[in-house]
Amino acid sequence: MSRIRWGRGAVLLIAGAYFLVPMVCSIIFSVDDNTGFSLNAYTGLLSAPGFLDSLTFTLELAAVTVVVMLLLLVPALIAVRLGSQRLRTVIEIVCSLPLVVPVVALTAGIIGVLRWGPDYLHDTPFFQTIVAIQNPSFPVVLVLAYVLMSLPLAYRALDAGLRGVDVRTLVEAARSCGSNWPRAVITVVLPNLRGALLNATFITLALVLGEFTTSSILGYQPFAVWIYEAGKNDGQMSVAVSVLSLVIAWVLLLALSAAGRERRGRKPARP
């Protein structure tokens with residue numbers, strides 16, 4: 001007869017209540033109006049001014065941020081595994097630095113750098129670069145800020161995946177079969193890091209979707225800033241958008257978890 005683990009059940013119950021009670025209260029608030037039950041807050045989202053524009057804008061920023069982050073971290077971490085292990089500590093320290101820098105301080109530093117353009121770079125070709133990265137249609141400066149913010153979390157996800165893979169052995173085996181270095185990494189190493197890549201991608205997407213401080217201070221309006229502005233005029237709609245954002249994030253997390261379990265439970269084919 002199995003023992004009933006009351007302590008674990010109590011912890012799970014408290015944790016579930018901590019997350020579900022605010023969610024349920026938000027849903028009740030978003031569907032309750034003076035006439036009773038109503039879904040106007042949800043049905044009016046598509047026609048709300050700026051909803052689709054801000055959501056598309058944020059998704060574009062998120063896609064570019066994920067690509068830049070993976071292009072920076074994955075080759076660097078694989079190169080460290082194949083080369084000098086001493087550089088691993090250096091990369092870990094560099095990637096962990098954004099954790100100790102408050103977002104407001106990071107944004108203030110970005111503003112200070114951007115001010116160098118008119119003050120010191122006016123007669124140089126770099127001035128146009130400073131202007132270009134602040135283009136309102138697609139501000140590259142936000143991508144750079146999001147990459148810095150996501151580095152610590154994405155690094156941990158990728159490093160955990162690399163710990164379970166013998167990169168050197170895989171690459172040497174692929175090289176012995178005639179593959180060159182890029183092909184060995186792309187066709188042999190990266191498929192074994194699918195779970196880590198998905199985790200890093202999800203973490204970065206969640207960060208970009210929910211980031212408010214930097215984009216608001218710099219004067220841009222991605223999805224999180226739009227939710228804040230919409231809340232000034234329609235509180236129910238802003239709560240409805242927040243609920244939908246949480247649901248989408250949970251669905252993505254559950255899908256990634258299910259994909260990881262399916263891959264781990266897959267049995268190798270018999271020869």
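Details of the structure are given in the entry above.
Asks: What is the right way to read the overall build of the chain from this model?
Replies: Along the chain, the regular secondary structure elements total 14 helices and 2 strands. Reported as C-alpha extents along the three principal axes, the dimensions of the chain are approximately 80 × 70 × 35 Å. Across the 271 residues that make up the chain, the buried fraction comes to 32%. For the chain, the share of sequence-separated contacts (at least 6 apart) that also reach a separation of at least 24 residues comes to 75%. When the accessible area of the chain is evaluated, it comes to approximately 17000 Å², of which 67% is carbon and sulfur surface.

Asks: Before we go on, may I ask you to explain the pattern of salt bridges in this structure?
Replies: Two side chains that carry opposite charge are able to pair once their charged atoms sit near each other. Scanning the model with the defined rule gives 4 salt bridges in all. In this structure, the salt-bridge partner of Arg156 is Glu92, at a minimum N-O distance of 3.1 Å. A residue pair is termed long-range when its members are at least 10 positions apart, and Arg156 in helix H8 (residues 140-163) and Glu92 in helix H4 (residues 86-100) qualify at 64 residues. With relative accessibility at 28%, the residue Glu92 sits in the partly exposed group. Here Arg163 ties to Asp159 by a salt bridge, and the two come within 2.9 Å at their closest N and O atoms. In this pair, Arg163 and Asp159 are both assigned in helix H8, 4 residues apart and thus about one turn of the helix distant.

Asks: Whenever I open this one, the environment of Leu87 confuses me. Can you help?
Replies: You can see Leu87 is positioned in helix H4. Among the residues examined, Leu87 registers a relative accessible area of 47% and is labelled partly exposed. As for Leu87 and Gly112, which are separated by 25 residues in sequence, their C-alpha atoms are 30 Å apart.

Asks: Help me out: how do you make sense of the nonpolar core in this one?
Replies: Note on soluble globular proteins: their nonpolar side chains tend to be buried together. Core analysis: the biggest nonpolar cluster contains 25 residues, and Leu73, Ile78, Leu158 and Val167 have the highest contact counts within it. Every element with two or more residues in this core is listed here: helix H3 (51-82), H4, H8, helix H9 (167-176), helix H10 (181-192) and helix H11 (194-210). Look past the residues within four positions of Leu73 in its chain and what remains in contact with it is Cys95, Leu151, Ala154, Tyr155 and Leu158. One finds Leu106, Val147, Met149 and Leu207 within the second-largest nonpolar core, a separate group that totals 19 residues.

Asks: Sorry, what's going on with the side chain of Thr214 here?
Replies: As for its placement among the helices and strands, Thr214 is situated in helix H12 (residues 213-218). A residue is classified by how much of its surface remains accessible, and Thr214, at 0% relative accessible area, is buried. In this structure, Thr214 is in contact with Val103, Thr107, Leu142, Ala145 and Met149, ignoring residues within four places of it in sequence.

Asks: How should I be thinking about the environment of Ala230 in this particular structure?
Replies: Within the secondary structure, Ala230 sits in helix H13 (residues 223-233). For Ala230, a relative accessible area of 13% translates into the label buried.

Asks: Hey, could you run me through the packing of aromatic side chains in this one?
Replies: When we look at a pair of aromatic rings, we describe it by the centre distance and by the angle of the planes. Taken as a whole and assessed by the stated rule, the structure comprises 5 aromatic pairs. Between the aromatic rings of Tyr18 and Phe19, the centroid separation amounts to 5.3 Å while the plane-to-plane angle is 90°, which identifies the pairing as edge-to-face. The exposed category is assigned to Tyr18, whose relative accessible area is 62%. Taken together, the aromatic side chains of Phe51, Phe223 and Trp226 make up a single cluster linked through ring pairs.

Each value, and the rule that gives it
- Residues numbered from 1 in each chain as written.
- Predicted model: local features only at pLDDT ≥ 70, side-chain atom pairs only at ≥ 80, totals over all residues.
- Heavy atoms only, no water.
- Helix = DSSP H or I, 4+ residues; strand = E, 2+ residues; numbered from the N terminus.
- Buried < 20%, exposed > 50% of the residue type's maximum accessible area, 1.4 Å probe, protein only.
- Contact = heavy atoms within 4.5 Å.
- Areas by Shrake-Rupley, 256 points an atom, 1.4 Å probe, with all protein chains shown as cover.
- Salt bridge = Lys/Arg side-chain N within 4 Å of Asp/Glu carboxyl O.
- Core = buried A, V, L, I, M, F, W, Y, C linked by side-chain atoms within 4.5 Å.
- Phe/Tyr/Trp six-rings, centres within 6.5 Å; stacked < 30°, edge-to-face > 60°.

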